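# Report on the structure
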Amino acid sequence: FIGNVYHNAGCAYSYLFQNEEAVECFEKSYQLLRTEEALQSYLLSYYNAKTPQQYQYKLEELGVSEQTRLEVQNKIESVLAEELPSISDSEIDVMIARMVKEYHRSTGS
């Protein structure tokens with residue numbers, strides 16, 4: 001149960017772009033659950049928050065299998081390949097204001 005709570009907290013921190021906190025939560029989740037899903041979430045978060053060298057070191061430190069490495073790499077490439085929607089200059093201010101409002105609502109500030 002606690003492993004799943006840490007996983008959900010990691011997701012929440014990721015959505016708030018608090019990457020270091022997300023990594024910590026996903027690491028704790030993986031330590032408790034020891035599942036492939038928990039490992040991949042941890043690695044994706046780690047990739048997002050750290051340097052490529054740190055990420056490679058973490059893969060080696062954890063003894064991540066080649067299959068898991070490829071699956072995580074495919075997920076990373078899939079996200080990077082997504083085309084972002086075109087946004088006009090007039091929409092940017094509205095979008096930022098909406099995002100700030102949503103951020104404050106979600107954090108209770």
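Going by the structure above, here's the rest.
The structure reproduced in this document is the subject of the present report. (Residues numbered from 1 in each chain as written. Predicted model: local features only at pLDDT ≥ 70, side-chain atom pairs only at ≥ 80, totals over all residues. Heavy atoms only, no water.)

With that settled, the discussion passes to helix α5 (residues 66-81). With 16 residues, α5 should reach 22 Å at 1.5 Å per residue; the first-to-last C-alpha distance of 22 Å fits that figure. Listing the buried residues of α5 in full gives T68, V72 and I76. Buried residues in α5, looked at end-on, bunch into an arc of 70°, giving them a common side. The outward face of α5, more than 90 degrees from its buried face, is lined by the exposed residues E66, Q67 and A81. (Helix = DSSP H or I, 4+ residues; strand = E, 2+ residues; numbered from the N terminus. Expected span 1.5 Å × (residues − 1). Buried < 20%, exposed > 50% of the residue type's maximum accessible area, 1.4 Å probe, protein only. Arc of directions from axis to C-beta.)

Further remarks concern the environment of C11. Within the secondary structure, C11 is located in helix α1 (residues 2-15). Considered as a pair, C11 and L43 are 32 residues apart in the sequence and their alpha carbons are 13 Å apart.

All right, on to the packing of helix α2 (residues 19-33) against helix α3 (residues 36-49) then. Where α2 meets α3, the closest approach of the two axes is 8 Å, and the angle between their N-to-C directions is 160°. In terms of axis orientation, α2 runs roughly antiparallel to α3. In this structure, the crossing between α2 and α3 has a hand that is left-handed. Judged by residue contacts, N19, E20, A22, V23, F26, E27, S29, Y30 and L33 of α2 engage A38, L39, S41, Y42, S45, Y46, N48 and A49 from α3. Its residues assigned to classes, the contact of α2 with α3 shows 10 nonpolar, five polar and two charged. (Axes fitted to C-alpha atoms, helices over the stretch in contact; angles between N-to-C directions. Parallel < 35°, antiparallel > 145°, perpendicular 65-115°, else oblique. Left-handed = near helix turned anticlockwise from the far one by under 90°. Contact = heavy atoms within 4.5 Å. Nonpolar A, V, L, I, M, F, W, Y, C, P; charged D, E, K, R; others polar.)

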